[in-house]
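# Working through the structure, step by step
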Amino acid sequence: RSHSFCDTTPPRHFPPRRTTSSGNFRQHDLNPGSQEVGVVEKVMGTYGFIAIHERRDRIFFHMSCVERPDDVKPGLEVEFTVDTDSRTGKPIAINIKILPANGIVPME
């Protein structure tokens, strides 16, 4: 059976955020189902990472979870939903939408 990163799974709570001796975060402090905004930090083929605003975290994403995957590149501001990867139990970004460059989100 193939694994789809954008399958919805029941929300699970992640373990509390822990820091290393240097103060860097080792685990995410994100709530499944929460809406977040961030900047695409790195793109590596079919996946990448988003640096999350308001936190010192970054989160994994798969291109299959992006609204317009061909337009994704580092530096773009995006909005996304936090979910749990059913395979690893780690947080992932789903329902990723690229935000307009002017910061104005169109009404739906």
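Attention in this report is confined to the structure presented alongside it. Please read all numbers here as calculations on a predicted model, not as lab measurements. (Residues numbered from 1 in each chain as written. Predicted model: local features only at pLDDT ≥ 70, side-chain atom pairs only at ≥ 80, totals over all residues. Heavy atoms only, no water.)

### Let's talk about unusual backbone geometry
Quick reminder of the rule: The way it works is that DSSP assigns letters per residue, a run of H or I at least four long becomes a helix, a run of E at least two long becomes a strand, and they are numbered from the N terminus.
Positive phi values are uncommon outside glycine, yet Asn-95 reaches one of about 50 degrees. Relative to the assigned elements, Asn-95 resides in strand S5 (residues 91-98).

### Side note on the nonpolar core
Let me state the cut-off plainly: Each nonpolar core is a collection of buried residues, namely Ala, Val, Leu, Ile, Met, Phe, Trp, Tyr and Cys, held together in the definition by side-chain atoms within 4.5 Å. Only protein chains enter the accessibility calculation, which uses a 1.4 Å probe. A residue is then buried if its area is under 20% of the maximum for its type, exposed if over 50%, and partly exposed in between. Contacts between residues were defined by any pair of non-hydrogen atoms, one from each residue, lying within 4.5 Å.
Formed by 19 residues in total, the largest nonpolar core has its most connected members in Ile-50, Ile-59, Phe-61, Phe-80 and Ile-96. Secondary structure elements with two or more residues in this core: strand S2 (47-52), strand S3 (58-62), strand S4 (77-84) and S5. Top contributing element to this core by residue count: S5, with five residues. Here Ile-50 is in contact with Gly-38, Val-39, Val-40, Glu-41, Asp-57, Arg-58, Ile-59, Phe-61, Val-78, Phe-80, Ala-93 and Ile-96, once residues within four sequence places are set aside.

### Here we look at the pairing of S5
Formally: Only when DSSP finds a minimum of two bridges between them are two strands counted as paired.
Burial runs high along S5: six of the eight residues are buried. For S3 and S5, the ladder comprises two bridges, and the chain directions are parallel. Considered in S5, the bridge of Phe-61 is made with Ala-93. What sits between S4 and S5 in their antiparallel hairpin is a turn of six residues, with Gly-89 showing a positive phi close to 80 degrees.

### What about the pattern of salt bridges?
Selection criterion: Each salt bridge in this description consists of a side-chain nitrogen of Lys or Arg and a carboxyl oxygen of Asp or Glu lying within 4 Å of one another.
One pass over the full model with this rule turns up three salt bridges. Arg-58 is the salt-bridge partner of Glu-41, the closest N and O atoms lying 2.5 Å from each other. Of this pair, Glu-41 sits in strand S1 (residues 35-44) while Arg-58 sits in strand S3, and the two are 17 residues apart along the sequence. What makes Glu-41 partly exposed here is its relative accessible area of 37%. Among the salt bridges present, the one from Arg-68 reaches Asp-71, with a minimum N-O distance of 2.8 Å. Residue Arg-68 is classed as partly exposed on the basis of its relative accessible area of 39%. Residue classification places Asp-71 among the partly exposed positions, given a relative accessible area of 37%.

### Overview of the environment of Val-43
Mapped onto the secondary structure, Val-43 falls in strand S1. Look at Val-43 and you get partly exposed, because its relative accessible area is 28%. Here the alpha-carbon distance between Val-43 and Val-72, two residues 29 residues apart in the chain, equals 7.9 Å. With residues near it in sequence (within four places) discarded, Val-43 still touches Gly-48, Phe-61, Met-63, Val-72, Lys-73 and Pro-74.

### With respect to the environment of Ile-50
Considering the arrangement of structural elements, one finds Ile-50 in strand S2. Looking at Ile-50, the relative accessible area reads 0%, which means it is buried. Residues Ile-50 and Glu-79, spaced 29 residues apart in sequence, show a C-alpha to C-alpha distance of 9.9 Å.

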